[in-house]
Every structure is written in C-alpha cells, then in structure tokens.
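The residues making up each chain are set out below.
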Amino acid sequence: MAKTKELSRDVRDKTVDLGGTPTCLICTEKVAVHKEYNLKRHYTTRHAEEYAKYQGDERANRVANLKTCLLRQQDFCKKATKENNAAVEASYVVSGMIAKAGKPFTEGEFVKKCILQAASIVCPEKKGQFSNISLSANTVAERISDLSSDICDQLCEKAKCFSVYSVALDETTDIIDTAQLAIYVRGVDDNFKVMEELLTLIPMHGQTTAQEIFHQLCDALEKAGLPWNRFAGITTDGAASMTGRKNGLVALVQKKTGRGGCGGGHCSALHYPSAGPLQQMPEV
C-alpha cells in the first residue's frame, strides 16, 4: 500500500492539469484518459527509472522548475495569439476606414508604410508587431466584404423585430453610365425604436423599367426577411418609372399589397416626387 501511495505521489508531482487534460511535465505529452492507472503507467514506463534518484527538496525543486518552464511556454503561445488577433483587428479597422473614405484598396499598402515609418520613430521595439498587419489590396477587399456581410446580417436580424417598415428608392446613373438603385429601409419595433439604414445598392445593367425595379425591390425585401404584410409606405424619386399611375413602381407596390391608395387609416404607398436628390422619408 505504501508503494502505491508513493507511486501516486510521483505521478501527481510529474503531471499538471491543463484545462481538464493531464500533461506530463517531463515530456509534455498529454494523457488521453484522466485515470490514476493511465497516469501511473505513463510515469513508470517513461520516466520512473531516470527520476527515481530525485528525493526530498531536490525533487520538489525539480518539479517546480518543470512547471515554470511549461507555463512559460504556454504564456509565450498566448502572447503570440493575442498579438495575431490584434493585428487582424487592426487590419479590419483600417480596411473599414478605407471603405468609408471611398479610397482604392491599394491604399492599404501605403497606409502600412506610414504606420511602419511612424512606429520606427515612436516605438521601434514594437515595429515587428505593426509589420504583422496585413493591408494588401486583396486583404483589404476581403476585409471590406466581411464587414459588409456582417452589417447585412445585423440589419436582417434587426428587421425581424420590425412591427412596420417603409422603404425609399432612388435610381441614378454613376460616372460610368451604370444605373444604381439605392434602397433604404426605415422600421419601428414594438418599443417604438426607429431604425433607418441603407438596405442595398444594386447596379442595374439592363433596362430600368418599373417591372425591373419592382423585381429588385422584392428580392431585397425577401433577402432581408421583411414581409409584405408589415409594409407601411414607399418614397421614390420623380422618375416616370417610379411614379406612373398604372405601370409605375408605386402602382405595382399597391397591387402587391392589395391596398391601392390611402384608406382605412393606412397609407399603403406614398411617393414624393422630386427632380433632385431623394427627399426625406415621412415618419412611419
């Protein structure tokens, strides 16, 4: 019995529990099954002969040194992981700023050069950490795409709480003669919290007829999870394809909702024509 207790003490001294997984302090090998028999067998077959000579204080010091060495290795790995996560976060932040400023993706490489130059003057000992920030053109494009997808997911999640919502549409031509359809959404939840965001921006390479615009609107609302039975109103620009009484977008929306015009206290389709930019939406 005394020998068994001594072996148990040997096993206990030479192993450490890391997140529920016993790890040998000598060879850093993890023991799959957390049972005394498995721990004892590992120690007796691998290390008992070599470490049996250590007794008393010498044994305790040896175990303490092994533990310190293992924990130092783990702290180094955690520090490296933390630095890598910070570099990735910085890459996303800079990419988001490039997107908001409307700058080319290649600007990321120039920004990185500026950061490294400033770091070499202010904190040269941390220049290596700044060099880990990836801002190549492809990386910036991927980061911006990820941010866009995340914003879209957040909007779709909030849209599920809308009690009613309205939309605003503006179709215009950019500098390369491509029609761009901007769709905004404004919704209110049960707590009367109002949110207004850009739902989507759709390049329209074909015809910009009322039917095509209506089709794009339906797709955008479906992707966002916005049901038509909660639709409250619509705001458009002054284009004929938007405001036509019979075949315009507003008329098609009225047919879709089955509520032509204003009646019963509900305005199913409101349009505010304007020759210039999109006007402010009416309160929902």
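This text gives an overview of the structure that appears in the document. Worth saying up front: this structure is predicted, and the values here are computed from it rather than measured.

## Topic: the overall build of the protein
Broken down by element type, the protein carries ten helices and eight strands. Out of the 284 residues in the protein, the part that is buried amounts to 33%. Long-range contacts, defined as pairs at least 24 residues apart, comprise 55% of the intrachain contacts of the protein with a sequence gap of at least 6. If you sum the accessible surface of the protein, you get close to 17900 Å²; carbon and sulfur atoms cover 53% of it.

## Regarding the pattern of salt bridges
Under the definition given, this model contains two salt bridges. Among the salt bridges present, the one from E157 reaches K160, with a minimum N-O distance of 3.5 Å. Its relative accessible area of 48% is what places E157 among the partly exposed residues. Of the residues examined, K160 reaches a relative accessible area of 57% and is grouped as exposed. Residue R186 pairs with E196 through a salt bridge whose shortest N-O separation is 2.5 Å. Of this pair, R186 sits in strand β4 (residues 179-188) while E196 sits in strand β5 (residues 194-204), placing them ten residues apart in sequence. The exposure class assigned to E196 is partly exposed, which follows from its relative accessible area of 39%.

## Digging into the packing of helix α8 (residues 210-223) against helix α10 (residues 249-257)
Viewed as axis vectors pointing N to C, α8 and α10 meet at an angle of 50°, and their least axial separation amounts to 9 Å. Put simply, α8 runs oblique to α10. You can see that α8 and α10 cross each other, and the crossing is right-handed. Across from A210, Q211, I213, F214 and L217 in α8, the residues of α10 making contact are L249, L252, V253 and K256. When grouped by side-chain class, the residues that make up the contact of α8 with α10 number seven nonpolar, one polar and one charged.

## A few points about α8
Helix length check: α8, at 14 residues, gives a terminal C-alpha distance of 20 Å against a target of 20 Å (1.5 Å per residue), a fit within 8%. Listed in full, the buried residues belonging to α8 are A210, I213, F214, Q216, L217, C218, A220 and L221. Looking at the packing, one finds that the buried side of α8 touches β3 (164-173), β4, β5, β6 (231-235), α9 (240-243) and α10. Once α8 ends, the next one or two residues include G225, with phi positive near 75°.

Reading guide: rules and limits
Every chain's residues receive numbers from 1 upward, in the order its sequence appears when written. Restriction of local features to residues with pLDDT of at least 70 applies here, the model being predicted, together with a cutoff of 80 or more for giving and counting side-chain atom pairs; totals for whole chains, interfaces and linings are based on all residues. Side-chain figures throughout are based on the complete set of non-hydrogen atoms in the structure, without hydrogens or water. Put simply, DSSP marks the helices as runs of H or I at least four residues long and the strands as runs of E at least two long, and each gets a number from the N terminus on. Only protein chains enter the area calculation, which uses a 1.4 Å probe; residues under 20% of their type maximum are buried, those over 50% are exposed, and those in between are partly exposed. Between two residues, a contact is recorded if the distance between any of their heavy atoms is within 4.5 Å. The Shrake-Rupley method, run with a 1.4 Å probe sphere, supplies the accessible areas, and residue values consider only the shown protein chains as cover. The term salt bridge refers to a pairing of a side-chain nitrogen on Lys or Arg with a carboxyl oxygen on Asp or Glu at a separation within 4 Å. To obtain each axis, a line is fitted to C-alpha atoms, and for helices this fit is confined to the stretch in contact; angles are then taken between N-to-C directions over 0 to 180 degrees. By definition in this entry, angles of less than 35 degrees are roughly parallel, angles greater than 145 are roughly antiparallel, angles of 65 to 115 are roughly perpendicular, and the rest are oblique. Helix crossings get a hand from a simple test, with the near helix turned counterclockwise from the far one by less than a right angle marking a left-handed crossing and a clockwise turn marking a right-handed one. Only Asp, Glu, Lys and Arg are considered charged, only Ala, Val, Leu, Ile, Met, Phe, Trp, Tyr, Cys and Pro nonpolar, and every remaining residue, Gly among them, polar. Under the convention used throughout, the expected extent of a helix is 1.5 Å for every residue step, that is, one less than its residue count.

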